[in-house]
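Understanding the architecture of this molecule
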Amino acid sequence: MTQQRIPVPKHVRILPEGVAISWQDGHETLYGHYDLRLKCACATCVGEWPNQRGIDVRSVPRDVQAVEYLTIGNYALQFLWSDFHSTGIYPYRMLRDLCPCPECAARRGKAQGAPPEKTPP
Ligand SMILES: [Zn+2]
Ligand SMILES: [Zn+2]
């Protein structure tokens, strides 16, 4: 068993400077509003599989802010943004993977180890 337990947010706060999450394991993360909005992976933002194109950054206002959030089941958060976008779901695992703190960056670097092998087409 090498699989990591997925941490669960204990508190989510929407602050002027970003979205702050306190995790159950004691970790704290602050995401910039704009950065988090750009990570939206819903079909409206990135297109339907298999025609995913990636988010169009020009469609997102620089001063976008999260205004509200919902808890989806026990695995994800959904944000309502000031640009009225609300279909994006952010699974906890993804949120934790997005944590920009040096500690998590170091852990991700270590976990990655060798670059993933690319299978030729
Ligand atoms: Zn979206
Ligand atoms: Zn972190």
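In the block above lies the structure referred to throughout.
For clarity, every value in this text was computed on a predicted model and none was experimentally measured. Every chain is numbered independently, its residues counted from 1 as its sequence is written. Chains and ligands are labelled sequentially in the order written, the chains with letters from A and the ligands with numbers from 1. Thresholds applied to this predicted model are a pLDDT of at least 70 for local features of residues and 80 or more for the giving and counting of side-chain atom pairs; totals over whole chains, interfaces and linings are not thresholded and use all residues. The side-chain quantities take in all heavy atoms of the structure and omit both hydrogens and water.

This paragraph deals with the coordination of the zinc ion (ligand 2). A metal bound by six donors in octahedral fashion has ideal angles of 90 or 180 degrees, whereas one bound by four tetrahedral donors has an ideal angle of 109.5 degrees. The donor set covers N, O and S atoms within 2.8 Å of the metal, switching to 3.2 Å for Na, K and Ca, and it leaves out water, so a site may look short of donors. The protein atoms that coordinate the zinc ion (ligand 2) are His27 (NE2), Cys99 (SG), Cys101 (SG) and Cys104 (SG), at distances of 2.0 to 2.3 Å. Every geometry call rests on angle ranges, with four donors termed tetrahedral when all angles are between 85 and 135 degrees, four termed square planar and six termed octahedral when opposite donors are over 155 degrees apart and all others are between 65 and 115, and everything else termed irregular. In this structure, the zinc ion (ligand 2) is surrounded by four donor atoms whose angles at the metal cover 102 to 119°, and the resulting shape is tetrahedral. Considered as a linear motif, the donors of the zinc ion (ligand 2) on their single chain read H-x71-C-x1-C-x2-C. Take Cys104: its relative accessible area is 3%, and that puts it in the buried class. With a 1.4 Å probe rolled over the protein chains alone, any residue whose accessible area is under 20% of its type maximum counts as buried; one over 50% counts as exposed, and the rest are partly exposed.

With that settled, the discussion passes to the sheet that holds strand β6 (residues 89-91). Pairing in this open sheet of three strands is antiparallel, and the strands run β4-β5-β6 from one edge to the other. Two strands close off the open sheet at either side, each with one partner strand: β4 (66-72) and β6. On average, each strand axis in the sheet is tilted by 30° relative to the strand beside it, whichever way the strands run. In short, DSSP must find at least two bridges between two strands for them to pair. Each helix corresponds to a stretch of at least 4 residues labelled H or I by DSSP, and each strand to a stretch of at least 2 residues labelled E; elements are numbered beginning at the N terminus. To define axes, lines are fitted to C-alpha atoms, for helices over the stretch in contact only, and angles between the resulting N-to-C directions are given on a 0 to 180 degree scale.

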